[in-house]
Amino acid sequence: MAESYNPPTVWRPFGAFSQSVIAGAGRTVYLKGQVALSAENEIVGEGDMAAQVTQVLTNTSEILASMGGRMSDIVSLQQFTTDIQAFMGCGEIRAGFFAAPYPVTTTLEVAALYDPRLLIEITGIAEIPLDRFVPPEDAEEMHGPS
């Protein structure tokens, strides 16, 4: 199980994040950057940051759940947004998906994502404890013998 750590010698986190996460004995899952796409590949919440953040975190939750994971298994997030002020106003939405100890996060404002209707993309790393991890039957080996 991962542990968060906020050393007393650096600034205290002021939101739903930790300064560091120490992980170890589970399966590490690297999550592709999620955008506000529905299961039908349609953009959800055009022009609505709250709707897009909700969709992105729901997609992430679904991916983890398919392997026995939970949002609490996320140890690190990288968040890219085209409107940092609108994104910062969505803290309550994030708080609905995460509880302490929070993952470490990096948030960057970017000029654009691959479609101008998209406002946010979030990628992350999770560690699912071995006693909960369910190997996907259709997972493909990436680095097998050549």
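Just so it is clear, the structure is predicted and the values come from calculations on it, not from any experiment.

Chemist: Break down unusual backbone geometry for me, citing the residues and quoting the values.
Modeler: For the peptide bond that leads from Ala100 to Pro101, omega is 0°, which places it in the cis range. By secondary structure assignment, the location of Pro101 is in the loop between α3 (91-97) and β5 (104-109). Phi is positive for Asn41, close to 65°, though the residue is something other than glycine. The exposure class of Asn41 is exposed, given its relative accessible area of 61%.

Chemist: How would you explain helix α1 (residues 49-65) if you had to name every residue and give the values?
Modeler: Owing to its 3.6 residues per turn, the α-helix brings residues three or four apart onto one side. With 17 residues, α1 extends 24 Å from end C-alpha to end C-alpha; this agrees with the ideal 24 Å at 1.5 Å per step. For α1, the set of buried residues is Met49, Gln52, Val53, Gln55, Val56, Leu57, Asn59, Thr60 and Leu64. The secondary structure elements touched by the buried residues of α1 are β3 (27-34), β4 (74-81), α2 (84-88), α3 and β6 (120-128). Of the residues flanking the start of α1, the one acting as N-cap is Asp48, its side-chain oxygen 3.2 Å from the backbone nitrogen of Ala50.

Conventions we followed
- Residues numbered from 1 in each chain as written.
- Predicted model: local features only at pLDDT ≥ 70, side-chain atom pairs only at ≥ 80, totals over all residues.
- Heavy atoms only, no water.
- Helix = DSSP H or I, 4+ residues; strand = E, 2+ residues; numbered from the N terminus.
- Buried < 20%, exposed > 50% of the residue type's maximum accessible area, 1.4 Å probe, protein only.
- Expected span 1.5 Å × (residues − 1).
- Contact = heavy atoms within 4.5 Å.
- Polar contact = N/O pair within 3.5 Å; in protein donor to acceptor, adjacent residues only side chain to side chain.

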